[in-house]
Amino acid sequence: MPYSEDTRRSLSEVLASYTARDVLLINVPSRWYRPIPALYPITTEHLLQAENDFQLLGDQDHEPNHGLLLLCSVLRENLISFDLLDLHTLCYLSKYLDLGLDIDSIYISVIQRVNPRIIAFSSMLPNFPFAVRLATLSKEALPDTTLIIGGAATVDIHHVLSTCIFDFAVIGESEISFPLLIRHVLTPSSDLLLSDISNIAYLNTNKQLHTT
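A. Quick look at helix α6 (residues 128-141). The end-to-end C-alpha distance of α6, which contains 14 residues, comes to 20 Å, matching closely the 20 Å that a straight helix rising 1.5 Å per residue would cover. Among the residues of α6, Phe128, Phe130, Ala131, Leu134, Ala135, Leu137 and Ser138 are the ones counted as buried.

B. Just the packing of helix α5 (residues 103-114) against α6, in detail. The N-to-C vectors of α5 and α6 enclose an angle of 50 degrees; their axes lie 10 Å apart at closest approach. Classified by the interaxial angle, the pair formed by α5 and α6 is oblique. In terms of crossing hand, the pair formed by α5 and α6 is right-handed. Side by side, α5 and α6 meet where Asp104, Tyr107, Ile108, Ile111 and Gln112 of the first sit next to Arg133, Leu134, Leu137, Ser138 and Ala141 of the second. Taken together, the residues of the contact of α5 with α6 break down into 6 nonpolar, 2 polar and 2 charged.

C. Expanded view of the nonpolar core. Formed by 34 residues in total, the largest nonpolar core has its most connected members in Ile26, Leu87, Tyr107, Phe121, Ile149 and Phe166. When residues of this core are traced back to their parent elements, those giving at least two are β1 (23-27), α4 (87-96), α5, β3 (118-122), α6, β4 (146-150) and α7 (157-162). Excluding anything up to four places from it in sequence, Ile26 contacts Leu68, Leu85, Leu87, Tyr107, Ile119, Ala120, Phe121, Ser122 and Leu134. The next biggest cluster of nonpolar side chains, apart from the first, holds 23 residues, and it includes Ile118, Ala120, Leu181 and Tyr202.

D. Main features of the packing of aromatic side chains. Summed over all chains, the structure comprises 3 aromatic pairs. Ring centres of Phe121 and Phe166 lie 5.9 Å apart, and the angle between their planes is 75 degrees; this geometry places the pair in the edge-to-face category. Remark: Phe166 occurs in the loop between α7 and β5 (168-170) and Phe121 occurs in strand β3; sequence separation between them is 45 residues. Accessibility assignment for this pair places Phe121 and Phe166 in one class, buried. Consider the rings of Phe128 and Phe166, whose centres lie 6.0 Å apart with planes at 40 degrees: the pair is tilted. Of this pair, Phe128 sits in helix α6 while Phe166 sits in the loop between α7 and β5, and the two are 38 residues apart along the sequence. Residue Phe166 is classed as buried on the basis of its relative accessible area of 5%. Through successive ring pairs, a cluster of aromatic residues spans Phe121, Phe128 and Phe166.

E. Examining the side chain of Thr146 more closely. In this fold, Thr146 is placed in strand β4. With residues up to four places along the chain from it excluded, the contact list for Thr146 reads Arg117, Ile118, Ile119, Asp167, Phe168 and Val185.

F. Structural detail: the pairing of β1. With 5 of its 5 residues buried, β1 lies for the most part within the structure. What you see with β1 is no split at all: Val23, Leu25 and Asn27 on one side and Leu24 and Ile26 on the other are buried throughout. Of the pairings in the sheet, the one linking β1 to strand β2 (residues 82-86) comprises 5 bridges and is parallel in character. Counted as the bridge partner of Leu25 is Leu84 from β2. Two strands pair when backbone bridges link them, and β1 and β3 are joined in this way by 5 bridges, in the parallel orientation. Paired with Val23 across the strands is Ile118, a residue of β3.

G. Looking closely at the side chain of Ser122. With respect to the secondary-structure elements, Ser122 resides in strand β3. The class for Ser122 is buried, based on a relative accessible area of 13%. Leaving out residues up to four positions away in the same chain, Ser122 has contacts with Ile26, Asn27, Val28, Asn65, Leu68, Gly150 and Gly151.

Quick notes on the rules
- Residues numbered from 1 in each chain as written.
- Predicted model: local features only at pLDDT ≥ 70, side-chain atom pairs only at ≥ 80, totals over all residues.
- Heavy atoms only, no water.
- Helix = DSSP H or I, 4+ residues; strand = E, 2+ residues; numbered from the N terminus.
- Expected span 1.5 Å × (residues − 1).
- Buried < 20%, exposed > 50% of the residue type's maximum accessible area, 1.4 Å probe, protein only.
- Axes fitted to C-alpha atoms, helices over the stretch in contact; angles between N-to-C directions.
- Parallel < 35°, antiparallel > 145°, perpendicular 65-115°, else oblique.
- Left-handed = near helix turned anticlockwise from the far one by under 90°.
- Contact = heavy atoms within 4.5 Å.
- Nonpolar A, V, L, I, M, F, W, Y, C, P; charged D, E, K, R; others polar.
- Core = buried A, V, L, I, M, F, W, Y, C linked by side-chain atoms within 4.5 Å.
- Phe/Tyr/Trp six-rings, centres within 6.5 Å; stacked < 30°, edge-to-face > 60°.
- Pairing = 2+ DSSP bridges.

Laid out in C-alpha cells, this is it:
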C-alpha cells in the first residue's frame, strides 16, 4: 500500500539518520515473528493482547525503552556521536498500519549507511532471540563492528555470551560503565583498560567468561 504523509513522518522518527556515527543504539523489537507460548506463556499473553488491540502496554518489554534514552543523554554528555534505531516502534507501526515492512532489509540498510564502529542492543529475555538475529545480520554486513548487548537479558550472562556473537555485555545499570566501554573500543591505545571498567562481561581468547 502507498505510504501516507503521516506514515512517512512516523517512520522518519524511528529510522536512523544518513549520517555516519560511532555508536548505533538498537531498541530490539518485542514481537517480530509468531510468539512461542511454550517458552514465554505470560509474556505471550500480553503480546497477543497488544497485537489484537494495537496497543503498546506499559510495564512489559514492549513499553518505551527509557534506559536507551538515558544512554543517549550520557553519550551526548561524553561527546560521542551516536544514533538510535527504535526497531520496536518500527515493527509496531508496520503492524498497526499494515505496511508489511521487511525489517531485515531496513535494518541492514540503516547500519550500512550509518556505518557505526559499535552497535549496542538493548534486550530483555523474551526478545533476546531477536537480538541474536540482528547481531548476526550485523556481523555479516559489518564484520569489523563491535557488538554490545545490554538490558535485562544480561541477568543470564552465561546464556547471553554463549552465542559468541556479542563482543561485550553490560550488566545492570550502565550509565557509567557503558560510555567507558565505548571509549575503550574507540580508542584502544588509551590507558583505559577493560579491568578498569566495572559491570561488563566478555569472553577471553580462550572463550571463557570474564566479568569485572
